[in-house]
Amino acid sequence: MHATKEELAAKADALFEQLKDKTLSPKDRTQIPLQEMPTQDPSVRVTNMQEVALGYTENQVRVEAMRCLQCKNKPCIQGCPVSIDIPAFVAEAAKGNYVKSVEIIKESSLLPSICGRVCPQESQCQKFCTVGKMHKDVDQSVSIGRIERFVADYARENDMEKNPTIKAETGKKVAVVGSGPASISAAADLRREGHSVVMFEALHKAGGVLIYGIPEFRLPKSIVEHELNNLKEMGVELRPNYLVGKTRKITDLMEKDGFDAVFVGSGAGLPKFMGIEGENYIGVFSANEYLTRSNLMKAYAVGQSRTPLYNSHKVAVFGGGNVAMDAARTAKRLGAEEVSIVYRRTEVEMPARKEEVAHAKEEGIIFKYLHAPLKITANDKGRVNGVELITCELGEPDASGRRSPVEIKGSEKVYDYDTVIVAIGNASNPLIKATTDGIEVNRRGNFIVNEETCETSLKGVYAGGDIVLGAATVILAMGQGRKAAKAMNDYLANL
Ligand code: FAD
Ligand code: SF4
Ligand code: SF4
């Protein structure tokens, strides 16, 4: 039975009244029930694009924060890629000091409203939480991400964010390529130092995957736009529709346009395909194209958007990561009657955030575990009409540590589908590499950088985020943007 926002809030109100004046022992704290995140009813949310998770109330966040034991050794911090002082911000949230709480977070992370929503907390900060360990269930950990989301939303919605101080103009010019989380963070830290910063974005809209990839129902675009507006208010100049490598090369930016340094945060936006028969039929999409049509081009707004929507009834999505979940849940919202995730391993090995998998199931997405696609079939007009799958079993662990799928001969079967979405991963875009002499990349095409400084093989050119790490996470991209900016600020100071 789906608990409503009002029911969950009422429970938290009653509990808060009991707890608010009590001195809580660690035992009391471990007995406080986890505060569930209210969500839109699954039957309603599949008919709209609005955010699924509705956010805590003040009493819910305070009760949840009271579950924290304030562990002396702070194990949760080791799970956060940017080492946020989690116990400190959670303690302030428990006291109702939300603005102070978000200020603590912002010492390490610039995008808490975003990371609180999309970080894979169960494999990062919350994985190490003592409360989860005591319950022998990571799902019982203190909901660090939800608390982070609440305090950041609170400060933003109540116009209580602290304006960043910008140092005196240095006269130095920096180009930032791309406008995803790595670039946003680098641009903010470079501008604070007083440098003039121009952000070049290939698409007509800035924000990277946060805008074109992750759907509105998981990350409202108004939050990303708010962060971009903050950058503009700080004086960062944003140039959309500017493809670095084509419009201008990196070397031109430095040698002809007077930029003293460049940060490359061009991401990993090149979709991978499987190389199986039929991938060119009509009705086969890369997840990137599918999600971009919906998120960026608003294809779902039929009659208002000029981007056409493919009319799907039965959709197969290949893959088991966040991208696959986003594509499947988007297909459902765009009107498909049946959507299946086809994944070669089992749920245990699936890399998607646990919450997304749970939400996808609630929305009626079918999970075909231990199945691998062999070929896509089509009718005489070249339109997809089926997919041949083979059943797998789990074998020995591979290089990733996950047990690898082994195909069971003779188990091939053709299933009816009219749409296929391939979501098996993304590689880095080769354009900048191809147009920049002397830039070193690894065999996957990712930029090779100095681990401490994020400097590439070219002097004054730094890089971070997915272009370095391969398809990774928002928080890792943000962390790299900040690390690079720190080194760039030192470099520029000595120019
Ligand atoms: P990006 O966000 O990819 O931004 C790169 C930007 O550079 C793009 O806007 C691109 O247009 C621009 N660009 C590229 N080349 C050029 C050029 N030559 N000139 C100018 N501009 C250029 N991570 C999570 O932590 N949690 C999640 O739930 C999650 N879900 C995801 C869902 C989807 C569908 C996808 C695709 C990814 C998801 N990720 C998630 C991964 C995460 O979004 C990325 O790791 C992160 O966005 C990488 O940030 P970035 O700044 O390196 O690059
Ligand atoms: Fe956890 Fe992500 Fe916040 Fe770090 S940034 S504390 S990993 S939710
Ligand atoms: Fe609080 Fe968990 Fe961190 Fe301990 S590990 S300080 S209980 S969030």
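It should be noted that the structure appears before, not after, this text.
Residues numbered from 1 in each chain as written. Chains lettered and ligands numbered in written order. Predicted model: local features only at pLDDT ≥ 70, side-chain atom pairs only at ≥ 80, totals over all residues. Heavy atoms only, no water.

Description of the nonpolar core
Here is the rule we go by: Buried residues of nine kinds, namely Ala, Val, Leu, Ile, Met, Phe, Trp, Tyr and Cys, make up a nonpolar core once their side-chain atoms join them within 4.5 Å. For each residue, the accessible area found with a 1.4 Å probe, counting protein chains only, is set against the maximum for its type, and the residue is called buried under 20%, exposed over 50%, and partly exposed in between. Elements are defined by DSSP. Helices are runs of H or I of four residues or more, strands are runs of E of two residues or more, and each kind is numbered from the N terminus. The domain boundaries here were taken from an automatic or database domain assignment. Working rule for contacts: check all heavy atoms of both residues, and any pair within 4.5 Å makes them a contact.
Counting 78 residues, the largest nonpolar core has Ile86, Phe89, Ile114, Ile147, Leu190, Leu231 and Phe263 as its most contacted members. Per-element accounting of this core gives the leading share, 10 residues, to helix α20 (residues 474–493). There are two domains that each give this core at least three residues, and those are domain 1 (5–157) and domain 2 (173–269 + 427–493). Look past the residues within four positions of Ile114 in its chain and what remains in contact with it is Leu210, Leu219, Ile223, Val224, Glu227 and Val474.

Some points on the pattern of salt bridges
Our working definition: Salt-bridge detection follows one rule: a side-chain nitrogen of Lys or Arg within 4 Å of a carboxyl oxygen of Asp or Glu.
Enumeration over the complete set of coordinates arrives at 33 salt bridges. Across the pair Lys354 and Asp139 runs a salt bridge whose closest N-O atoms are separated by 3.1 Å. Placement of the pair is Lys354 in helix α17 (residues 354–362) and Asp139 in the loop between α9 (130–134) and α10 (144–157), with a sequence separation of 215 residues. Residues participating in the shared-partner salt-bridge network are Arg45, Arg146, Arg218, Asp326, Arg329, Arg333, Arg353, Glu355, Glu356, Glu362 and Glu363.

Concerning the site of ligand 3
Our working definition: The cutoff for a nearby residue is simple: one of its non-hydrogen atoms must lie within 4 Å of the molecule or strand. In this analysis the probe radius is 1.4 Å and the grid spacing 1 Å, with only protein atoms considered; a cavity is a set of points the probe fits into but cannot get out of, a pocket is an open set with protein on both sides within 12 Å along at least five of seven lines, and lining residues have an atom within 4 Å of a point. If over half the atoms of a molecule are within 2 Å of the grid points of a cavity or pocket, the molecule is regarded as sitting in it. Lys, Arg, Asp and Glu make up the charged group, whereas Ala, Val, Leu, Ile, Met, Phe, Trp, Tyr, Cys and Pro make up the nonpolar group; the residues left over, Gly among them, are polar.
Looking at ligand 3, the residues that line it are Cys68, Leu69, Gln70, Cys71, Pro75, Cys76, Pro87, Cys129, Thr130, Val131 and Ile144. The pocket occupied by ligand 3, as judged from atoms lying within 2 Å of grid points, is the largest cavity. Among the elements of the structure, α5 (75–78) and α9 are those that each provide at least two residues to the shell around ligand 3. In the shell around ligand 3, the residues fall into 9 nonpolar, 2 polar and no charged.

Some words on the packing of aromatic side chains
This is how the line gets drawn: Note on aromatic contacts: the rings of Phe and Tyr and the six-membered ring of Trp form a pair at centre separations within 6.5 Å, being stacked when their planes are under 30 degrees apart, edge-to-face when over 60 apart, and tilted otherwise. Two conditions define a charge located above a ring, namely a distance within 6 Å from the ring centre to NZ of Lys or CZ of Arg, and an angle within 35 degrees of the ring normal.
Inspection of the entire model under this criterion finds 9 aromatic pairs. Through pairs of rings, three or more aromatic residues link up here, namely Tyr98, Phe150 and Tyr154. Just above the ring of Phe259 sits the side chain of Lys173; from NZ or CZ to the centre is 4.5 Å. The aromatic ring of Phe367 is capped on one face by Lys361, whose charged end is 5.9 Å from the ring centroid.

Focus on unusual backbone geometry
The backbone phi angle of Lys136 is positive, close to 50 degrees, even though this residue is not glycine. The topology assignment puts Lys136 in the loop between α9 and α10. Looking at Lys136, the relative accessible area reads 77%, which means it is exposed. Positive phi values are uncommon outside glycine, yet Leu370 reaches one of about 50 degrees.

Considerations on the site of ligand 2
Neighbouring residues of ligand 2: Cys80, Pro81, Ile84, Ile86, Cys115, Cys119, Gln121, Gln124, Cys125, Ile144, Glu148 and Ile475. In this structure the site holding ligand 2 corresponds to the second largest cavity. The residue makeup of the shell around ligand 2, split by class, is 9 nonpolar, 2 polar and 1 charged.

Examining the environment of Lys332
When you line up the elements, Lys332 lands in helix α16 (residues 322–333). Assessed through its relative accessible area of 17%, Lys332 is described here as buried. Distance from Lys332 to Val174, taken between C-alpha atoms, is 43 Å for residues 158 residues apart in sequence. Leave out the neighbours within four places in its chain, and Lys332 touches Val46, Glu337, Val339, Glu363, Gly364 and Ile365.

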